[in-house]
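# Breakdown of the fold
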Amino acid sequence: MSKSIAYKHYLRALSHWPKDSLRPECQFQDVIRRRVDRRFLPASSSNAPNAAQATANSAIDEKAELVQVNAIYSLLENRYSGKYPIKGTFLKPASNPTHYTDLVKELEEAPDRSWWSLQVNKWKGFLRFQ
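Quick look at the structure, then. Computed from a prediction, not measured in an experiment: that's the story for all the values here.

### Here we look at unusual backbone geometry
One non-glycine residue, N78, adopts positive backbone phi at about 55°. Along the chain, N78 turns up in the loop between α4 (62-76) and α5 (79-83).

As structure tokens, this is what we get:
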């Protein structure tokens with residue numbers, strides 16, 4: 001186990017990261033966790049390639065890693081949505097004012113859809129009556 005402060009911050013931030021229900025087989029926190037483990041934990045000499053050993057054995061720039069962790073924390077805490085709020089009619093374009101609300105609704109409903117509702121929505125896309 002690494003005693004690095006940055007490593008501990010990575011683990012804490014990734015433990016709070018929300019699960020992606022649209023792609024359960026490919027989670028952001030799993031990908032970053034593998035990268036962090038390769039970077040901070042020593043590689044075993046019997047089953048690791050030489051490039052991984054060189055990376056693991058090289059000196060870790062703690063300050064640079066903390067900057068990376070800070071970027072993850074800023075996304076996790078939605079710092080930028082508070083700092084740069086979306087104003088005006090940006091989320092309600094004149095051509096389709098409900099586009100973004102419909103998109104959020106679709107993304108929330110998509111993981112729980114049955115096979116039958118997927119087929120119905122597919123046919124609705126083929127046959128558009130107005």
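### A closer look at the pattern of salt bridges
Throughout the structure, instances matching the rule amount to 6 salt bridges. A salt bridge links R39 to E65, with the nearest nitrogen and oxygen atoms 3.4 Å apart. In this pair, R39 sits in helix α2 (residues 28-40) while E65 sits in helix α4, placing the two residues 26 residues apart along the sequence. Just as R39 is buried, E65 falls in that class too. The partner of R113 in a salt bridge is E109, and the shortest N-O contact between them spans 3.6 Å. You can call R113 partly exposed: its relative accessible area is 23%. A single network of salt bridges, built from pairs that share partners, joins E106, E109 and R113.

Criteria and thresholds
Residues numbered from 1 in each chain as written. Predicted model: local features only at pLDDT ≥ 70, side-chain atom pairs only at ≥ 80, totals over all residues. Heavy atoms only, no water. Helix = DSSP H or I, 4+ residues; strand = E, 2+ residues; numbered from the N terminus. Salt bridge = Lys/Arg side-chain N within 4 Å of Asp/Glu carboxyl O. Buried < 20%, exposed > 50% of the residue type's maximum accessible area, 1.4 Å probe, protein only.

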